[in-house]
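# Overview (structure and organization)
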Amino acid sequence: MERQISLRCGARVEAALERLGHEAVTIDVRGDLVRQLRTVDPEVAFIALHGREAEDGTVQELLEVLGIAHTASSAAVCARCWDKVLAKHLMRDAGLPTPDFHSFSEAAFRELGAAEALPVIEERLSFPIIVKPARGGLALGMKFVSSATQMPGALVAAFTYDRRVLLERHVTGDDVVVSVVDGEPLPPFCHATLSPADVTRAQQLAVEAWTLFGCRGYARIDLMRTVEGELTVLEVTCVPSLAEDSRMSEAAEAGDLAFDVLVDRLVERAARSTIPA
Amino acid sequence: MRDLMALTSQPDIISLAGGLPDMSAFPAEVMGKVTAQIAAESSVKALQYGPTEGLEDVRDAIAEVMAAEGMTGIDPQDVLVTSGGQQVIDLVCRTLIDPGDVIIAEAPTYPGAVPCFGSFQADVVQIEMDADGMRIDELEETLDRLAAEGRTPKFIYTIPTFHNPGGVTMSLPRRKRLVEVARERELLILEDNPYGLLRYEGEPLPTLYSLDGGEFVIYLGTFSKILSAGIRVGWAVAPRPVFQKLNIGKQAADLCSSSLSQMFVATYFRSGLWAEQLDVFKELYRRRRDVMLDSLADFFGPEAAWTAPQGGLFLWATLPDYIDTTDLLVRALEENVAFVPGRAAYLDGRGGSSMRLNFSGVAEDDIREGVRRIGKVVHEQVALYGTLTGAAPAVPAAPPVPAIDAGATPGAAANVVPLPRRDSDDGRARGSR
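Time to look at helix H5 (residues 75-82) of chain A. Residue and element names in this part refer to chain A. Within H5, seven of the eight residues are buried, which leaves the element mostly enclosed by the surrounding structure. Within the span of H5, buried status applies to Ala75, Val77, Cys78, Ala79, Arg80, Cys81 and Trp82. Those residues of H5 that are buried lie in contact with helix H3 (52-55), helix H4 (58-66), helix H6 (84-93), helix H10 (196-213) and strand E11 (231-237).

Structure follows, in structure tokens:
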């Protein structure tokens, strides 16, 4: 599924680059990626890839090692966003509102008897609790747990995908998505009506998250307006899809930022950037 | 399923997921001889379109195969040749199903039928099975309930013999009752029978088609498991009004099935070798089934249960309900082994703790190794669940045993606390204090 998104996104970006007069070479990321990059030796790599290797910073790290400028956030930023536990700790420590959480490794249960602490956590977070692997996409291994009896099975499922899991308070409300380009927030997306104050607050939180994680180029920040009316940050996606039907693309359009202009800005900014040593 | 099959076709993975016959057991020289004969005697016919309902010679061969399963007296004119058995399911849905129509199927059902039923937006009601196949009492209760709602199923889809994925076979009393129910309520049955001739033990049972006489039963057959899956030749035998509609549907779908493939079947059957080849497949798969059953007993542990099929290609294993086999597959793939998660055989989200295992497609050593690897990840999850529920105590990891450099002399090591080598497996982290 992620590969299909990558292919659609890649084709769209390639067409835009050609319209802008760039010489675009597409690379299907496989086992010969480094060889291909060395052969093509591009001025800028436009990352239109989704899935683990793009979102955990692996591809960015390779590009940085090879000294190739790229359009996405750095490998370090990707690593911070990809690991949900790390991201949640960063947000909480910085005072960004985010749903309460706890995290445990599989070893904590296997070797330290962490299971005995579960009732305390369950009381603190209160049901329903979302259990998910620390790293991974497409909601794989994620479960909604509404009672203590469901917790062990949910943990077993989440530990299938990662050795560390996140137990997060389930907050209900309206999803709010804010895309940010070069530190500038685009109009938020929400299926409900947002007041001007909510829009301002959502954009402010999105930019704070952008700054906190050190994002570059473009990113998507998922928030929620809780039933109490508070805005809270759920997660930061530093390599969001640019496919036609993606939130990022729709937000750019809503913000009068034509797709070609967005692509051009990202390429120009990448070309000017300094590659980390 | 398609994504899973693509993933499991990678060479390093032991795939117990597919439903593949082992075509290495079919002699290549026979294939060469048959194709050479087609080229020499009837290349023009083989390379041309054919009639929608199929070539006469193939329909004769089909009548011969059906007779071998006790369905004698089949008129070849009642046979519609299709592009594999899968096309029959598609054509029956295309002919009979409007969005929202009810199809009755077993729980679990053939995973390949699930997306087909879904694409026609059918409302699939799945009936539980036990060791004797579909529970007919539950079927009748369901039919009563549907009737009370003013709904009549368009057909009952069943694989009564060596069920895929269930591995069970419908008993004779249930077969008789199912046919009676269909007659009493004037319901069509789609009898999917790809594996009936692959019986390794026990006495053959009459097909629903033979019990019914072809009045309410649409019969689905295929050469995929008794000759070759790659030639893509299957067939339907249906009551006349349904047959005509299926024929029109097939015209729209693909005009006709491959003439070359049909000629391959017809020429091969004229050689008279098929019964002998069938025995080769049966002996091969029987041995593999036995290896799988032994391996399951050795590696799956007392928490698991599985069916013991008398034939066919699959068995159905069920784990404790806290293990989700869709998630488990991720761990299994890390161990380079694959199976079909149970949910693929349901349209209502059930089957989460079950899996389909195939024993025909891989060699005996690989079956044993594949089951061992799945058993390993199952045991890991069972143990983890035990610590999460308090059923098993948490156990601190054993302290690392410092490695002694094999090149050092005993005397030199005696007065030195040896440090783990930095280039050894995670030695640096474990050695740190």
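Attention shifts here to the environment of Leu155 of chain A. You can see Leu155 of chain A is positioned in helix H9 (residues 151-159). Take Leu155 of chain A: there are 27 C-beta atoms within 10 Å of it, and that puts it in the buried class. Residues Leu155 of chain A and Asp41 of chain A lie 114 residues apart in sequence; the distance between their C-alpha atoms is 45 Å. Residues contacting Leu155 of chain A, with those up to four places away along its chain left out, are Val131 and Val165 of chain A together with Leu388 of chain B.

What follows concerns the domain arrangement of chain A. In many reports, interface size means the accessible area that the parts give up when they come together. Residue and element names in this part refer to chain A. By domain assignment, chain A separates into domain 1 (1-97 + 172-277) and domain 2 (100-169). Taking only C-alpha atoms into account, the centre of domain 1 sits 28 Å from that of domain 2. Contacts between domain 1 and domain 2 engage ten residues on the former and nine residues on the latter. Top contributing element to the side of domain 1 that touches domain 2 by residue count: H6, with three residues. Here the residues of the side of domain 1 that touches domain 2 sort into three nonpolar, one polar and six charged.

Right, let's talk about the interface of chain A and chain B for a bit. With 16 residues of chain A at the contact, the number on the chain B side is 18 residues. Among the elements that make up the side of chain A that touches chain B, the one with the highest residue count is H9 of chain A (six residues). Class assignment of the residues belonging to the side of chain A that touches chain B gives a composition of nine nonpolar, four polar and three charged.

Residue and element names in this part refer to chain B. Looking at chain B, pLDDT values average 90 and 89% of them are 70 or higher. Overall, residues 402-414 carries pLDDT values under 50, and its contacts beyond four positions in sequence, including any with other chains, amount to eleven contacts. A low-confidence stretch, residues 424-433 stays under pLDDT 50, and its non-local contacts, those more than four residues away or across chains, total ten contacts.

Moving on, we come to the domain arrangement of chain B. Residues and elements named next belong to chain B. In terms of domains, chain B is made up of domain 1 (2-19 + 275-389) and domain 2 (37-271). At the level of secondary structure, the elements contributing two or more residues to the side of domain 1 that touches domain 2 comprise helix H11 (274-299) and strand E11 (314-318). The dominant element in the side of domain 1 that touches domain 2, judged by the number of residues it contributes, is H11, at six residues. Here the side of domain 1 that touches domain 2 is built from residues that sort into 13 nonpolar, seven polar and six charged.

This part covers the packing of helix H3 (residues 56-68) of chain B against helix H10 (residues 259-270) of chain B. Residue and element names in this part refer to chain B. At a minimum axis separation of 8 Å, H3 and H10 run at an interaxial angle of 55 degrees. In terms of their interaxial angle, H3 and H10 are classed as oblique. Note on packing geometry: the crossing formed by H3 with H10 is left-handed. Touching Asp57, Val58, Ala61 and Glu64 of H3 are Gln262, Val265, Ala266 and Phe269, all from H10. Here the contact of H3 with H10 is composed, by residue class, of five nonpolar, one polar and two charged.

Our next topic: the pairing of strand E14 (residues 354-358) of chain B. Residue and element names in this part refer to chain B. In terms of residue burial, E14 counts as a mostly covered element, since five of its five residues are buried. Pairing analysis gives five bridges linking E11 to E14, with the strands arranged antiparallel. Note that in E14 the partner of Ala317 across the bridge is Met355. As defined by bridge partners, strand E13 (residues 340-341) adjoins E14 across two bridges and the pair is classed as antiparallel. Paired with Val340 across the strands is Arg356, a residue of E14.

All names here are of chain B. Taken together, four strands build an open sheet; the order of strands is E10-E11-E14-E13 and the sheet is antiparallel. Lying at the two open borders of the sheet, with one neighbouring strand each, are strand E10 (305-306) and E13. Note that E10 and E11 share two bridges and pair antiparallel. Note that in E11 the partner of Ala305 across the bridge is Thr318.

We now examine the nonpolar core. Generally speaking, a soluble globular protein has its nonpolar side chains buried in company with each other. Counting residues in each nonpolar core, the largest one holds 142 residues, and the members touching the most others are Val92, Ile218, Ala236, Val265 and Phe339 of chain B. Here this core gets nine residues from one element, more than from any other, and that element is helix H13 (residues 364-389) of chain B. Residues contacting Ile218 of chain B, with those up to four places away along its chain left out, are Val92, Leu188, Ile189, Leu190, Glu191, Ala236, Ala238 and Val242 of chain B. One finds Ala209, Val239, Ala251 and Ala252 of chain A within the second-largest nonpolar core, a separate group that totals 57 residues.

Here we take up the packing of helix H1 (residues 2-19) of chain A against helix H12 (residues 259-272) of chain A. All names here are of chain A. Interhelical geometry of H1 versus H12 gives an angle of 85 degrees and a closest axis separation of 9 Å. By the angle class used here, H1 and H12 are roughly perpendicular. Where H1 approaches H12, its residues Val13, Ala16, Leu17 and Arg19 are matched on the opposing element by Phe259, Asp260 and Val263. Its residues assigned to classes, the contact of H1 with H12 comprises five nonpolar, no polar and two charged.

Across residues other than glycine, the phi torsion is negative in most instances, and most of the peptide bonds are trans. Residues Phe127 of chain A and Pro128 of chain A are joined by a peptide bond in cis, for which omega reads -5 degrees. Residue Asn164 of chain B is joined to Pro165 of chain B through a cis peptide bond whose omega torsion reads 10 degrees. Structurally, the position occupied by Pro165 of chain B is in the loop between strand E6 (155-158) and helix H7 (172-185). Positive phi, normally seen in glycine, also occurs at Glu186 of chain B, with a value near 55 degrees. Summarising the element assignment, Glu186 of chain B is placed in the loop between H7 and strand E7 (189-192).

All names here are of chain B. Judged by pairing direction, the sheet is mixed, and its eight strands sit side by side in the order E2-E9-E8-E7-E6-E3-E4-E5 without closing on themselves. The two strands at the open ends of the sheet, each matched to only one other strand, are strand E2 (79-82) and strand E5 (133-134). When strand E4 (residues 123-130) meets E5, the two strands line up antiparallel, connected through two bridges. Across the sheet, residue Asp130 finds its bridge partner in E5, namely Gly133. Across the sheet, helix H9 (residues 240-254) touches E2, strand E8 (217-222) and strand E9 (234-237), and the angle it forms with E2 is around 25 degrees.

Cut-offs used in this document
Residues numbered from 1 in each chain as written. Chains lettered and ligands numbered in written order. Predicted model: local features only at pLDDT ≥ 70, side-chain atom pairs only at ≥ 80, totals over all residues. Buried ≥ 20, exposed ≤ 12 C-beta atoms within 10 Å, placed from the backbone. Helix = DSSP H or I, 4+ residues; strand = E, 2+ residues; numbered from the N terminus. Contact = placed C-beta atoms within 7 Å. Domains from an automatic or database assignment. Nonpolar A, V, L, I, M, F, W, Y, C, P; charged D, E, K, R; others polar. pLDDT = per-residue confidence, 0-100. Axes fitted to C-alpha atoms, helices over the stretch in contact; angles between N-to-C directions. Parallel < 35°, antiparallel > 145°, perpendicular 65-115°, else oblique. Left-handed = near helix turned anticlockwise from the far one by under 90°. Pairing = 2+ DSSP bridges. Core = buried A, V, L, I, M, F, W, Y, C linked by C-beta atoms within 7 Å.

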